[in-house]
Structure formats: C-alpha cells, structure tokens
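Single-letter residue listing:
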Amino acid sequence: MLTEDITQLMTMVPQEEKIAFDKSNAVKGGAFEDHIDNPFGAGRGEGIDAGRDAHEWIVNQDRDKYDAVFETLNPVDGKITGSTAKQEMVKSKLPTSILGKIWKLSDVDKDGMLDMDEWALASHLMKIKLEGHEIPNTLPDHLVPPSKR
C-alpha cells in the first residue's frame, strides 16, 4: 500500500510545482499591486542587489582595500594580466568555475586584462560569493564600473 501511495504522490509533484510557479494563480491586489520595486522583496539590498539604489558605486565601500591589493600585483599601464589576476583570485579558495564566472563579469571591456575598477569589481564579487550569495550570469547595471558606463 505504501509503495502505491508514494508512486501516486510522486506523480503529483510536477503538477504542484507548475501550479506554484503559474503567475495566473498569484494573489493580486493590495498595497503593492502597482509597485515593481519593493524594498521588502526577498534578497533586496543583499548580495548582488546591495547598492542597487545607491548614488555611489557600492564597490567603493571597500575600494581602499581592493586598490591596495591591485597595486601589489604590479600593473603595467594600469592593468593586470589574466594570469596575474588568477594567482590572486585563487587565494579566495572559491571553485574555479565561480572564479571563471567572476572573471567574465569583471572584464567589462573584454580585453583579457583587468584595470583598477575591474579588479575592484572582481574583488567585490568574490566577497559577495564568500558571504554565501549567488553570482548572477550577467552583471547588473548598478555594478558596472562608472568608468565603463
């Protein structure tokens, strides 16, 4: 009997998931009906979303620390190579797949090198991941360095 009940219940799971994600069944109306930006939404102001509504680039909060590390990497013409950045980034002990994703997001001008702003961005993204937050697949507009906008 138990095996029959479990089998029947398992067939219901995909249907319930579909219903849960179906927006037509969502609760509508109320105080937040027409509000797209809700500061009380899940994850708002945390991780990658931190600084979204700030006037200053959120990365600047730890900029002195990031710039000090950048200078120790002996930049040439204001940039460090990918291999130099990698040597420093692996010290974070994050998986290489995550570091690769951070590299792609940080090399904003896609020249295979990081300038000081891009290094600061990479450092900020590593910090976010180390704090337990997810790294997005595309860089949010508020994290694009001001010099690259």
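Residues numbered from 1 in each chain as written. Predicted model: local features only at pLDDT ≥ 70, side-chain atom pairs only at ≥ 80, totals over all residues. Heavy atoms only, no water.

Overview of the side chain of Ser-92
Quick note on the threshold: Helical segments are the DSSP runs of H or I of at least four residues, strand segments are the runs of E of at least two, and each set is numbered from the N terminus. Polar contact is defined as a pair of N or O atoms within 3.5 Å, subject to the rule that within protein one atom must be able to donate a hydrogen and the other to accept it, and that residues adjacent in sequence are counted only when both atoms are side-chain atoms.
Here Ser-92 is to be found in the loop between α3 (82–89) and α4 (96–106). Looking at Ser-92, its side chain comes within polar contact range of the main-chain oxygen of Met-89, at 2.7 Å.

What to know about the layout of surface pockets
How we decide: Both cavities and pockets are sets of points on a 1 Å grid over the protein atoms alone; in a cavity a 1.4 Å probe fits but cannot get out, in a pocket the set is open with protein on both sides within 12 Å along at least five of seven lines, and lining residues sit with an atom within 4 Å of a point. Grid points are joined across faces, edges and corners, and a volume is the space filled by probe spheres set on the points. Gly falls in the polar group here, along with every residue not listed as nonpolar (Ala, Val, Leu, Ile, Met, Phe, Trp, Tyr, Cys, Pro) or charged (Asp, Glu, Lys, Arg).
Approximately 220 Å³ is the volume found for the largest pocket. Lining the largest pocket are Lys-65, Tyr-66, Val-69, Glu-88, Met-89, Lys-91, Ser-92, Trp-119, Ser-123, Met-126, Lys-127 and Leu-130. Listed by contribution, the elements that provide at least two residues to the lining of the largest pocket are α2 (63–72), α3 and α5 (116–130). Sorting elements by how many residues they give to the lining of the largest pocket places α5 first, with 5 residues. Of the residues assigned to the lining of the largest pocket, the class counts are 6 nonpolar, 2 polar and 4 charged.

Structural notes on the pattern of salt bridges
So the rule is basically this: A carboxyl oxygen of Asp or Glu within 4 Å of a side-chain nitrogen of Lys or Arg is what we treat as a salt bridge. In this scheme, a residue with accessible area under 20% of its type's maximum is buried, one over 50% is exposed, and one in between is partly exposed, where area comes from a 1.4 Å probe on protein chains only.
Taken as a whole, this structure holds 11 salt bridges when the rule is applied. In this structure, Asp-67 and Arg-63 form a salt bridge, with 2.7 Å as the shortest nitrogen-oxygen distance. Placement of both Asp-67 and Arg-63 in helix α2 is noted, with a separation of 4 residues, approximately one turn of the helix. You'll find Asp-67 and Arg-63 in the same group, each marked buried. Salt bridges sharing partners connect three or more residues here, namely Lys-79, Asp-109, Asp-111, Asp-115, Glu-118 and Lys-148.

Shape is all these values report; function is a separate question.
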